[in-house]
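Chain residues, written in single-letter form:
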Amino acid sequence: MLISIASGKGGTGKTTVSASLAAIWDGPVTAVDLDVEEPNLHLFLNPQVESEEKVYLSVPEVDESKCNLCRECSNLCQFKAINVMGSTILTFPEMCHGCGGCMAICPENAISWGRRELGTLSRGKTGPNNFLMGSLRVGEAMSPPLMRAVKERLAMDLTERPGDAIIDAPPGVSCPAVCAVMDTDFILLVTEPTPFGFHDFKLAVEAFAPFKKPMAAVINRSGLGDNSVEAFCRENNIPVLVHIPFDKDIAGAYSRGRVIADLNPGLKSLFVQLAESIKEMGAGGRDA
Amino acid sequence: MTKIAVTSEGPSMQDMVDPRFGRAGGFVVVDPETMQHEYVDNGSSQAMAHGAGIQAAQNVADSGAHVVLTGYVGPKAFDALKAVGVKVIQNLDNMSVEQAVQRYKSGDVQYADQPNK
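Worth saying up front: this structure is predicted, and the values here are computed from it rather than measured.

Draft legend 1. The arrangement of the overall build of chain A in detail. For chain A, the helix and strand inventory stands at ten helices and eleven strands. When its C-alpha atoms are laid out on the principal axes, chain A stretches across 70 × 40 × 40 Å. Counting every position in chain A, which comprises 288 residues, the buried fraction comes to 46%. Within chain A, residue pairs in contact and separated by at least 24 positions form 74% of the contacts whose partners lie at least 6 positions apart.

Right under this line is the structure:
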C-alpha cells in the first residue's frame, strides 16, 4: 500500500508523522520524501545513502537547417518553450514541461531531445527499510517531473521487493501536492486545530477528494485552538485516526531531529494504533 | 521609416500606454512619419498562465514593428525581442500612445540594453 502524508498547510507535522510511521511500521516499508523542493525526512531517519543520480527532463533542440518555419511546434506549445519569431527559432528550455508534443508534430523532424537537469534522486537504507528522496536543483521551477522520476523508481523497487511506502508529500494543494497523492492508495492529512490549519485542511480535502481514495486525518498539536476541524471531519465522514498532543517534549525532540515515536511508550503506541487504522481503512478501500 | 509598436490599453492613439509588456491589452503599431496606425490585440498573451511575454514578443515580431515602446519588460520577453532584432524603449508610463510616439520622435528616449522587470 502507498500511503501519502499530506496537509494543505505547511508545518503541521507531515514529516513528524511520516518519520514515526516509517519507524514503527510492521513489515517492509520504503520511506519516500516527495517534498522535493525542501526534503527533510532524512534529517529524522538518518538514512545511509547508497546511490545518487541526476534526473533530467527532455527538452527540445532544433536543427535550424531542417526547420521550415511552419510554426506547428510554436502554436502547440502552451508554455512558449519553443517559438518561431520571424525567421528565428527560439527555445526557452526552462519553460518546457517535457510533453514531447513539438517533436511529435514537427513535419521536418527538425527537433531532437536535449536535457535539463531537474535534481537528484537519492536511494538508501534506514534501518531495515528502503529510503528514497528527490532534491530539486536550486533554480528549477517545476517539481512534478522530478517527483514522477522518484515515483517511477519507487514502483521499480517495489516490484523487486514488495512492501508498503510512506510518502512525505509537499504542503499546499497545487500541482506538487496533487502529484504526490494522486496515485497513492491512502491519503493521510495532518492538520492542526488552528484557524490556519482548518482553512487549509478544507482546501486539501476539496483538492484530494476527487481522487476517491480512502482519506483520514491526524490532528497534531491537539489541545490548541478549537473543535472546527473535528466538526468538519464528522460532517464529511473523514475519520480522525489519532491526536498528537501539543507538548513541549515533542517539540524539543523534533528540534533535535528525533523520531517522536521513540520518545516514550505512549507515543509509540499512538503511532502503532495509527498504522493499524491505516491498514484497516486501506484494506476496506481495496475491497470496496 | 521603421514601424513602432506601443503597448496600449486600447486601440486608439488617445488610449493610455499599458505599462505591462507581456500582458498588455494590445499594441498600437504606428508609422511615426505618417502617424498611420493599426491595432494588434494581445489577448492571446493575457490569457496565458505562462510565457505571456514571449507570446507578446511574437505578436510584435509578426506586426512588423522594429521598436517597442512600453513600461516594463521581463527577461524572457526581452531575450525574445532581442533575438528578432526588435529594439526596446521602456519605463514609459502615465501617457497616451500619441504622447509616447511624440517622445520617441523627439529623440528623448533610450534604447534598453537589459530588462527592467
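Now that the structure is up, let's keep going.
Draft legend 2. Highlighting the overall build of chain B. When helices and strands are tallied, chain B shows four helices and five strands. Going from the N terminus to the C terminus, chain B shows its helices and strands as β-β-β-α-α-β-α-β-α. Relative to the 2.2 N^0.38 estimate, which gives 13 Å for 117 residues, the radius of gyration of chain B is 12 Å and therefore close to what a compact globule would have. Among the 117 residues that make up chain B, the fraction classed as buried is 42%. Considering only residue pairs separated by 6 or more positions, chain B has 49% of its internal contacts joining residues 24 or more positions apart.

Draft legend 3. Just the domain arrangement of chain A, in detail. All names here are of chain A. Entries for chain A in the domain assignment read domain 1 (2-55 + 119-287) and domain 2 (57-117). The gap between the C-alpha centroids of domain 1 and domain 2 is 38 Å. Counting residues at the interface gives five residues for domain 1 and five residues for domain 2.

Draft legend 4. Local environment of the pairing of strand S10 (residues 215-222) of chain A. Residues and elements named next belong to chain A. Of all the eight residues making up S10, six are buried; the element is thus mostly covered by neighbouring parts of the structure. One crossover worth recording links strand S9 (residues 186-191) to the parallel S10 by way of helix H7 (residues 195-208), and it is right-handed. Judged from the four bridges that link them, S10 and strand S11 (residues 240-245) form a sheet pairing that is parallel. Opposite Ser222, over in S11, you have Pro245 as the bridge partner. Remark: the S10/helix H8 (residues 228-235)/S11 crossover connection has right-handed handedness.

Draft legend 5. Structural detail: helix H5 (residues 144-160) of chain A. Residue and element names in this part refer to chain A. If you check H5, its first and last C-alpha atoms are 24 Å apart, about what 17 residues at 1.5 Å a residue would give, namely 24 Å. Burial in H5 covers these residues: Pro145, Leu146, Met147, Val150 and Lys151. Packing partners of the buried residues in H5 comprise strand S2 (29-33), strand S3 (48-62), strand S6 (111-126), strand S7 (129-136) and helix H6 (175-181).

Draft legend 6. Structural detail: the interface of chain B and chain A. Taken together, the eleven residues of chain B in the interface contact nine residues of chain A. With five residues, the single largest contributor to the side of chain B that touches chain A is helix H2 (residues 52-63) of chain B.

Draft legend 7. Geometry of the sheet that holds strand S4 (residues 67-69) of chain B. Residue and element names in this part refer to chain B. The strand order S3-S2-S1-S4-S5 describes an open sheet built from five strands, whose pairing is mixed. Strands with a single pairing partner mark the edges of an open sheet, and in this sheet they are strand S3 (37-41) and strand S5 (87-89). Pairs of neighbouring strands in the sheet enclose a mean axial angle of 25°, with direction left out of account. Strands in contact with H2 are strand S1 (4-8), strand S2 (26-30), S3 and S4; relative to S2, the strand with the most contacts, it is inclined by about 25°.

Draft legend 8. View of the nonpolar core. Among the nonpolar cores identified, the biggest contains 114 residues, and A:Ala6, A:Ile166, A:Ile167, B:Val6 and B:Val60 are the most heavily contacted of them. Per-domain counts for this core show at least three residues from each of domain 1 (2-55 + 119-287) and domain 2 (57-117) of chain A. Excluding anything up to four places from it in sequence, B:Val6 contacts B:Val17, B:Phe27, B:Val28, B:Val30, B:Leu69, B:Val97, B:Ala100 and B:Val101.

Draft legend 9. Layout of the sheet that holds S10(A). Residue and element names in this part refer to chain A. One open sheet accounts for nine strands, arranged S3-S6-S7-S2-S8-S1-S9-S10-S11; its pairing is mixed. Both edges of this open sheet fall to S3 and S11, since each of them pairs with a single strand only. Here the average twist between neighbouring strands, direction ignored, is 20°. Of the strand pairs in this sheet, strand S1 (residues 2-6) and S9 are connected by four bridges, and their pairing is parallel. Within S9, the position partnered with Ala6 by the bridge is Leu189.

Draft legend 10. Broad picture of the packing of H7(A) against H8(A). Residues and elements named next belong to chain A. As a packed pair, H7 and H8 sit with axes 9 Å apart at the nearest point and diverge in direction by 20°. The orientation of H7 relative to H8 falls into the category roughly parallel. Taken together, the residues of H8 that come into contact with H7 (itself represented by Gly197, Phe198, Phe201 and Lys202) are Ser228, Val229 and Phe232. Its residues placed into classes, the contact of H7 with H8 shows four nonpolar, two polar and one charged.

Calculation rules
Per-chain numbering applies: the sequence of each chain, read as written, is numbered from 1 onward. Working convention: letters from A go to chains and numbers from 1 go to ligands, in the order in which they are written. In keeping with the predicted nature of the model, local features appear solely for residues at pLDDT of at least 70, side-chain atom pairs appear and are counted solely at 80 or more, and the whole-chain, interface and lining totals rest on all residues. Put simply, DSSP H or I for four residues or longer makes a helix, DSSP E for two residues or longer makes a strand, and each gets a number counted from the N terminus. Between the buried cut of 20 or more and the exposed cut of 12 or fewer other C-beta atoms within 10 Å of a residue's own C-beta lies the partly exposed class, and all C-beta atoms are placed from the backbone. Residues are scored as being in contact if the C-beta atoms we place from backbone atoms lie within 7 Å. It is over C-alpha atoms that the radius of gyration is taken, and the globule rule equals 2.2 Å times the number of residues to the power 0.38. In this entry, domain limits derive from an automatic or database-based domain assignment. By convention, a crossover is right-handed whenever its connection, traced from the first strand over the helix to the second and viewed with the strands pointing away, goes clockwise. Strands qualify as paired when DSSP identifies two bridges or more between them. Here, expected helix span is obtained from the residue count minus one, scaled by 1.5 Å. Throughout, an axis means a line fitted to C-alpha atoms (over the contacting stretch in the case of helices), and angles, computed between N-to-C directions, take values from 0 to 180 degrees. To form a nonpolar core, buried Ala, Val, Leu, Ile, Met, Phe, Trp, Tyr and Cys residues must be joined through C-beta atoms within 7 Å. An angle counts as roughly parallel when it lies under 35 degrees, as roughly antiparallel when it exceeds 145, as roughly perpendicular when it falls between 65 and 115, and as oblique in every other case. Basically, the charged four are Asp, Glu, Lys and Arg, the nonpolar ten are Ala, Val, Leu, Ile, Met, Phe, Trp, Tyr, Cys and Pro, and anything else, Gly included, counts as polar.

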